[in-house]
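Survey of secondary and tertiary structure
Take a look at the letters that make up each chain.
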Amino acid sequence: MTGTATRYLYVARHGHASPDETALTEGGRRQATLLGERLRSSNLSAVHHGPLPRATQTAQLVHRQLGDIPLHASDAAGDYLPYLPQRDELPPDSADRLLAFVEQFPPEEREGGPALARAALARFTGPAEGDEPRHELVITHAFLAAWLVRDALDAPAWRWMGLNHANAALTVIRYVPGRPAAVVMVNDMGHLPAELRWTGFPPELHA
């Protein structure tokens, strides 16, 4: 059934995590709190998050700033490779590098990701059911954030690669019935002070 109301999907990568990724750093906790403060006026109806500790802890800290709305753990919002490209669909001059990046991940991470990515699109994207606009937040990881932006832009499936997202940065996608998806903002860090911006980005991409 086709949705009948506008959906606003808010997407954020988890806060900065410790080297072993079992917990947020102090900076990561502050990032999450500031993200929650920014979203207080966004009329969110639910927060979804991946099952790993860094996403769970981020979602809990954000949720504390938002009041009494549902908080859901979701495997579809987790950390995985959303699509495995084939050489013949990649630009020839970068195919070796992109394929080597994918192949560094264990087989179980490569094999299970595409099904979860399809589930994420089915669950989180497109117009919503009902008569009122729906605002939902997904606290996830860099790969899924990139996959959702790629999908909204109707870019080739492999193009999730090369889209970077900083910790606790905010992306917003709008789905209106009968219209293409609109990317309202990507990787916005306006709620973070300078010292908490750009974490999770390679140093050469800081701007």
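My aim in this report is to walk through the structure given alongside it, one point at a time.

We now examine the packing of helix H4 (residues 107-124) against helix H5 (residues 142-152). Close contact between H4 and H5 brings their axes to 11 Å; oriented N to C, the two are set at 60°. Judged by the angle between their axes, H4 and H5 are oblique. The way H4 lies across H5 gives a crossing that is right-handed. Residue-level contacts link Ala117, Ala120 and Leu121 of H4 to Leu144, Trp147, Leu148 and Asp151 of H5. Class assignment for the residues of the contact of H4 with H5 results in six nonpolar, no polar and one charged.

The sheet built from six strands is open, its strands ordered S3-S2-S4-S1-S5-S6 with mixed pairing. Two strands lie at the open edges of the sheet, namely strand S3 (71-73) and strand S6 (182-188), each paired on one side alone. Averaged over all neighbouring strand pairs, the angle between strand axes comes to 20°, with direction disregarded. Pairing of strand S2 (residues 46-49) with S3 involves three bridges; the strand directions are parallel.

What follows deals with the nonpolar core. Core analysis: the largest hydrophobic core is formed by 30 residues, its most contacted members being Leu9, Phe124, Leu148 and Trp160. At the level of secondary structure, the elements contributing two or more residues to this core comprise strand S1 (7-13), helix H3 (95-103), H4, H5 and strand S5 (170-175). The residues touching Leu9, leaving out its near neighbours within four places in the chain, are Phe124, Thr125, Glu136, Val138, Leu148, Thr171, Val172, Ile173 and Tyr175. Among the nonpolar cores identified, the runner-up in size contains 18 residues, and Leu24, Leu39, Val47 and Leu66 belong to it.

Below, the discussion takes up the pairing of S1. Across the seven residues that make up S1, a large majority, six, are buried. In this structure, S1 lies alongside strand S4 (residues 134-140), joined through seven bridges in parallel fashion. Bridging across to S4, Arg13 finds its partner in Thr140.

This paragraph deals with the packing of helix H1 (residues 26-38) against helix H2 (residues 53-64). At their nearest, the axes of H1 and H2 sit 7 Å apart, and the two run at 40° to each other. In terms of axis orientation, H1 runs oblique to H2. Crossing angle aside, the handedness with which H1 passes H2 is right-handed. Side by side, H1 and H2 meet where Arg29, Ala32, Thr33, Leu35 and Gly36 of the first sit next to Thr58, Leu61, Val62 and Arg64 of the second. Looking at the contact of H1 with H2, its residues break down into four nonpolar, three polar and two charged.

Cut-offs applied
- Residues numbered from 1 in each chain as written.
- Predicted model: local features only at pLDDT ≥ 70, side-chain atom pairs only at ≥ 80, totals over all residues.
- Heavy atoms only, no water.
- Axes fitted to C-alpha atoms, helices over the stretch in contact; angles between N-to-C directions.
- Helix = DSSP H or I, 4+ residues; strand = E, 2+ residues; numbered from the N terminus.
- Parallel < 35°, antiparallel > 145°, perpendicular 65-115°, else oblique.
- Left-handed = near helix turned anticlockwise from the far one by under 90°.
- Contact = heavy atoms within 4.5 Å.
- Nonpolar A, V, L, I, M, F, W, Y, C, P; charged D, E, K, R; others polar.
- Pairing = 2+ DSSP bridges.
- Core = buried A, V, L, I, M, F, W, Y, C linked by side-chain atoms within 4.5 Å.
- Buried < 20%, exposed > 50% of the residue type's maximum accessible area, 1.4 Å probe, protein only.

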